[in-house]
Number of protein chains: 2
Amino acid sequence: MKNAIIAQSGGPTAAINASLAGVISGALQSDRIEKVYGSLYGIEGILQEKILPITAENMTDDDLNILKQTPSSYLGSCRYKLPKDFSDTTIFDQIFSFFTRYNIGYFFYIGGNDSMDTVYRLNEYACHIGYDIHIMGVPKTIDNDLDVTDHTPGYGSAAKFIATSVKEIALDSNVYDLDSVTIIEIMGRNAGWLTAASALARTDGQCAPHLIYLPETTFCYDKFLSDIARVHKQHSNVVICVSEGIKTADGSYVCEGQSNGLTDVFGHKNLSGTAKVLEAYVREKLGYKARGIELNVLQRSAAHCLSKTDIDEAFAIGKSAVEAALKGESGRMMIYERMSDAPYTIRISSTDIQNAANAEKVIPASFIHAETSDITDDFFTYAQPLIMGEVHPIMKKGVPVHLVR
Amino acid sequence: MKNAIIAQSGGPTAAINASLAGVISGALQSDRIEKVYGSLYGIEGILQEKILPITAENMTDDDLNILKQTPSSYLGSCRYKLPKDFSDTTIFDQIFSFFTRYNIGYFFYIGGNDSMDTVYRLNEYACHIGYDIHIMGVPKTIDNDLDVTDHTPGYGSAAKFIATSVKEIALDSNVYDLDSVTIIEIMGRNAGWLTAASALARTDGQCAPHLIYLPETTFCYDKFLSDIARVHKQHSNVVICVSEGIKTADGSYVCEGQSNGLTDVFGHKNLSGTAKVLEAYVREKLGYKARGIELNVLQRSAAHCLSKTDIDEAFAIGKSAVEAALKGESGRMMIYERMSDAPYTIRISSTDIQNAANAEKVIPASFIHAETSDITDDFFTYAQPLIMGEVHPIMKKGVPVHLVR
C-alpha cells in the first residue's frame, strides 16, 4: 500500500484550507492509502524534507472543521518553479528520491497557475522514468484566472468579502452632505474577476459602485473624468471600484503614476497604489473630497466572511481529487463544470493538466459592456451563485478559531 | 404633547444606527411623545429644515432590526460646530425657532465629543431663554475616547473587526518560509484604544501582533528596530500594529515622514500613511520583505462583523436616553457604568454633559507596559467582554441587507 503527500502553493486564499481538509479527509478515510503526509512550504518541504505526518489522531474531525474556516495555507506555501526541461534532472531526482524513500504513490498539489505547471512537470518526469505515482492538481486562487474550470475555489469567498465591504464603504461614503469620490482598489493584476465582483454590492437599493474599471479594458484619464461627471449628476458621493492592474493605452500601469501629469508628486512608487494615484488625480482635477481605499490582503484572508458555497465546493473538490487519484488518474487538475445557472448546479471532474497550466483566464468580452467598461447581466448570472450562503465560524474569546500548526 | 427629533453627528460607526434604532423604538412606543422626526445631516437638518418624519408605519420592527445591522449614519452626519458663546445668537435662534414651529420637546443627539458640545450649548441656550425642552446626548465613537462612560457604543464592534482581521492577516503573513515584517495601521489619532484592541487577536495559539505602538507613548525609530530584532529571534514573520497617530519625541507624526532620514522618498504626504512610512523604513534598514496594511474605513463600517454585546448595548443606551428625557433629564449624556468585570455587567445611567463634552480619554497608564509600550493584562480584562457575541446579519443575494433612506 502506498502513502500520500499533500502540499499547498502560491498565494493563500480563505478557502485553500477547505480543499486541504477535503484531501486529508479523503486520504485518511481511504483503505488504499497507508500514511498521509503534509509537505511544509509547498514543494520546498519535499526538497528540504520538512514533512508533517497527518493522522486521524492529530487531525480529528473537529480539527478538520476548524481547518475549513482557517484562512492562509495551513501547510505553508512557496513560489518555487521547477526547471523548464529535463536537461538537468537534479531537482527532479531529489523529489523522486524523496517519493521513493517515503513510498509515495499519491501527490496532491493545491495551487494556482504555477503550481499546475509543477504538477505537469512532475507527472511528465514520472512517465519519463516510469515511476508509479498519481499526481493531481487541486485549483485555488482568489483571482479566478484558471482556465477550463468554471471558477476557482477561493474566488467565491473573496468576491463575497469584496461585495460586502464595498456595500458597507458605499454607505459610509454617503454620510456627509457634500461632493466626494471614493476609489476602492481591488486585487487582480491582469484579470478583473475580483473587481467585477464589487458589482454584487448593487442590491437592495444600493447602486454603488457607480463605476468599475477592469484591467481587461484600457484606462483613459479623460474618460475617467467624464464618467465621474456623468455619475455626479445623480450621486453627490461617487463610489468607484478599480482593479490594481488597470493600464493606460501606452501599456503603463496607473499605479506607476505615469501619463497623468502628476508623476512628480508621487515619490517612491512602492508607496502608493492605483487608488491613491487616482485619489490625488481627482482632488487635483475636480477639487472634490477624494479618498482612496485598498481592500488589501483581507480579500484573500477574511475567513470571517466566507461563502458557504465556496467552502463546501472547495472541500468537495479536494476530496474528489483523492477519489480521482484512486481511480488511477494522474497529471490532471480537478475542475468545476457548471451544469445549470438556475438552479445553480456544478459537477466536479478533471482535465488534462496541460489545459490548465500557465493559462490565464481573463473576463470574457460578453461580461463587459463595450461602452461603459462596466459589467453585463451575464456576469451577474455567472457570479451571483458563487457568493451565496454563510459560514458562521466557531468563535472563542470573540474572534474566530483557527487551526495553526 | 410634545414631539421628538433625533440626529446623528460626527464620523459614523457600525453601531450608531443601533442607538438610533433604540431612540426611535423608545420614542415611537412612548404615549408621551406625539411625533418623531429625524434631522438629516446632524444639526444641519434642523438649520436647513431637512426633516424626515418617522412613524411606526415607515419604520416597522423589521426595519428597526435591519437598521441595527446597517453601518454608517442612517440620517446622515455633519461636522458642524455651534458658536462658542451667545454674543451672536442667530444660529441658536434659528434652531429654537425650528423647535417652536415643530413643537419639539425632546432632542436626541447621537455623536462624539463635538456633538456633546452641541448638546451642552443647546441646553445652556434653552435654560437661557427658558425654553422647555429635554436635550440628551447619546455617545458613539469607534475611538472610545469619550470621558466618564466606561466605553463608547461602536468601540466593541470596531475592536472585534480589528482583532479578527489582525488574526487573519497574521496567518497570511506566516505563509512563506522567509523573513518578513507586516505593519498594520489602525485608526486613532490621539487615543490608542483601537490599536490596543489588536491584542485581542492573541488567542488560541496566535501570538501576533508581536509589537504594538500606541499614540500614548513616544515612538522611537531606534527602539522600533531593536524591538523587531528581539521578536525576530523567535518569529521570522513579525506582525506589528501601529496607531495612525504615533509621534516621535519632537512631536511630529510618523506619517509625515519626518525624522527617519527617509523624508525625500515619500513625496506628497497625503499619499502615504504611517504603515507605508514604516514599511519603507524596515525595507531600507533591515532588508526584510515588508508590507504596510491600512485597515482603513472598514474599521468603522464592517457591520458584517459586529459585536453582539456592542449592538445590544448601543440599542439599549438609545432607548434609555428616551426614558431619561421622559423622566425630565436634560443637558446630560447617557453612559455605561461597569458594575463587574466577571461576570461582565454594566448599568446605563447619565452624566452632566459638561463632564463629557470636549474631553478626550486616552488609554490610562495602568493599561500600558512602561517598558515595551505593549498593553497590560488590565486592558484585556477591560476590553475582552466588549467584543463578545456575534450578530449574524440578515442576508440577501449573498450580502448583508441594509436600511437606506
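Calculation rules
Residues numbered from 1 in each chain as written. Chains lettered and ligands numbered in written order. Predicted model: local features only at pLDDT ≥ 70, side-chain atom pairs only at ≥ 80, totals over all residues. Heavy atoms only, no water. Helix = DSSP H or I, 4+ residues; strand = E, 2+ residues; numbered from the N terminus. Rg over C-alpha atoms; globule rule 2.2 N^0.38 Å. Buried < 20%, exposed > 50% of the residue type's maximum accessible area, 1.4 Å probe, protein only. Contact = heavy atoms within 4.5 Å. Pairing = 2+ DSSP bridges. Right-handed = clockwise from strand over helix to strand, strands pointing away. Buried area = accessible area lost by both parts, 1.4 Å probe. Salt bridge = Lys/Arg side-chain N within 4 Å of Asp/Glu carboxyl O. Nonpolar A, V, L, I, M, F, W, Y, C, P; charged D, E, K, R; others polar. Core = buried A, V, L, I, M, F, W, Y, C linked by side-chain atoms within 4.5 Å. Axes fitted to C-alpha atoms, helices over the stretch in contact; angles between N-to-C directions. Parallel < 35°, antiparallel > 145°, perpendicular 65-115°, else oblique. Left-handed = near helix turned anticlockwise from the far one by under 90°. Phe/Tyr/Trp six-rings, centres within 6.5 Å; stacked < 30°, edge-to-face > 60°. Lys NZ or Arg CZ within 6 Å of the ring centre and 35° of its normal. Polar contact = N/O pair within 3.5 Å; in protein donor to acceptor, adjacent residues only side chain to side chain.

(A) Representation of the overall build of chain A within the structure. A tally of regular secondary structure across chain A gives 13 helices and 13 strands. A compact globule built from 405 residues would reach a C-alpha radius of gyration of about 22 Å, and chain A, at 23 Å, matches this within 12%. Considered along the principal axes of its C-alpha atoms, chain A spans approximately 70 × 50 × 40 Å. Counting every position in chain A, which comprises 405 residues, the buried fraction comes to 63%. Sequence-distant contacts in chain A: of pairs separated by 6 or more residues, those separated by 24 or more amount to 75%.

(B) A look at the pairing of strand S4 (residues 104-111) of chain A. Residue and element names in this part refer to chain A. By the criterion of burial, S4 is predominantly enclosed, with eight of the eight residues buried. As judged from the six bridges shared by strand S1 (residues 2-8) and S4, these two strands associate in the parallel manner. Bridge assignment links Ala-4 to a residue of S4, and that residue is Tyr-106. Where S4 lies against strand S5 (residues 134-139), six bridges are found, and the strand directions are parallel. Looking across to S5, one finds that Phe-107 is bridged to Ile-135. Each parallel crossover has a hand, and the one from S4 via helix H5 (residues 113-129) to S5 is right-handed.

(C) Representation of the interface of chain A and chain B. Listed as interface residues are 68 residues of chain A and, on the opposing side, 69 residues of chain B. Of the roughly 5,600 Å² buried at the junction of chain A and chain B (both faces included), carbon and sulfur atoms supply 59%. At the boundary of chain A and chain B, one finds four salt bridges. Note that Asp-177 of chain B and Lys-50 of chain A form a salt bridge whose closest N and O atoms lie 2.9 Å from each other. Of all elements in the fold, only helix H6 (155-173), helix H9 (274-286), strand S9 (289-294), helix H10 (298-301), strand S12 (395-396) and strand S13 (399-400) of chain A reach the threshold of two or more residues within the side of chain A that touches chain B. Among the elements that take part in the side of chain A that touches chain B, H6 of chain A stands out by supplying ten residues, more than any other. When grouped by side-chain class, the residues that make up the side of chain A that touches chain B number 29 nonpolar, 22 polar and 17 charged.

(D) The arrangement of the nonpolar core in detail. Ranked by size, the top nonpolar core spans 84 residues in total, and within it Phe-379 of chain A together with Phe-379 of chain B carry the most contacts. Setting aside residues up to four positions removed in sequence, Phe-379 of chain A forms contacts with Tyr-155, Trp-193, Ala-196, Ala-197 and Phe-367 of chain A. Formed by 43 residues, the second largest nonpolar core is a distinct cluster that contains Ile-6, Leu-64, Leu-67 and Ala-303 of chain B.

(E) The sheet that holds strand S9 (residues 289-294) of chain B, seen in detail. All names here are of chain B. Judged by pairing direction, the sheet is parallel, and its four strands sit side by side in the order S7-S8-S6-S9 without closing on themselves. Single-partner strands in this sheet number two, and they are strand S7 (211-213) and S9. Between one strand and the next, the sheet's axes are offset by a mean angle of 15 degrees, whatever the strand orientation. Bridging between strand S6 (residues 180-186) and strand S8 (residues 237-243) involves seven bridges; their strand directions are parallel. Residue pairing in the sheet places Ile-183 in a bridge with Ile-240 of S8. Sitting on the sheet, helix H8 (residues 221-232) is in contact with S6, S7 and S8, with an inclination near 160 degrees to S7.

(F) Structural detail: the packing of H8 of chain B against helix H9 (residues 274-286) of chain B. Residues and elements named next belong to chain B. Put simply, H8 and H9 touch, their axes get as near as 12 Å, and they point 65 degrees apart. One element, H8, and the other, H9, form an angle in the roughly perpendicular class. With respect to the hand of their crossing, H8 and H9 are arranged in right-handed fashion. Contacts from Tyr-221, Phe-224, Leu-225 and Ile-228 in H8 reach Val-277, Leu-278, Tyr-281, Val-282, Lys-285 and Leu-286 in H9. Along the lines of polarity and charge, the residues of the contact of H8 with H9 split into nine nonpolar, no polar and one charged.

(G) Local environment of the packing of aromatic side chains. A full pass over the atoms with the stated rule returns 50 aromatic pairs over all chains. Arranged with centres 5.4 Å apart and planes meeting at 50 degrees, the rings of Phe-96 of chain A and Tyr-125 of chain A form a pair that is tilted. Taken together, the positions of Phe-96 of chain A in helix H4 (residues 90-101) and Tyr-125 of chain A in helix H5 put the pair 29 residues apart, joining distant regions of the chain. Tyr-125 of chain A gets classed as buried once you look at its relative accessible area, which sits at 3%. Measuring from centroid to centroid gives 5.1 Å for Phe-96 of chain B and Phe-99 of chain B, while their planes differ by 80 degrees, and the two rings are edge-to-face. Pair noted here: Phe-96 of chain B and Phe-99 of chain B are both in helix H4 (residues 90-101), with a separation of three residues, about one helical turn. With a relative accessible area of 4%, Phe-96 of chain B lands in the buried category. Relative accessible area serves as the criterion here: at 0%, Phe-99 of chain B is assigned to the buried category. In textbook terms, an aromatic cluster arises when at least three aromatic residues are bridged by ring pairs, as seen for Tyr-37, Phe-86, Phe-92, Phe-96, Phe-98, Phe-99, Tyr-102, Phe-107, Tyr-109, Tyr-125 and Tyr-131 of chain A. In this structure, Arg-405 of chain A is placed above the aromatic ring of Tyr-41 of chain A, and the distance from its NZ or CZ to the ring centre is 5.5 Å.

(H) Just the side chain of Thr-164 of chain B, in detail. Summarising the element assignment, Thr-164 of chain B is placed in helix H6 (residues 155-173). Classification of Thr-164 of chain B as buried rests on a relative accessible area of 0%. Of the polar contacts made by the side chain of Thr-164 of chain B, one reaches the backbone oxygen of Lys-160 of chain B; its length is 2.7 Å. Excluding anything up to four places from it in sequence, Thr-164 of chain B contacts His-304, Gly-398, Val-399 and Pro-400 of chain A together with Cys-305 of chain B.

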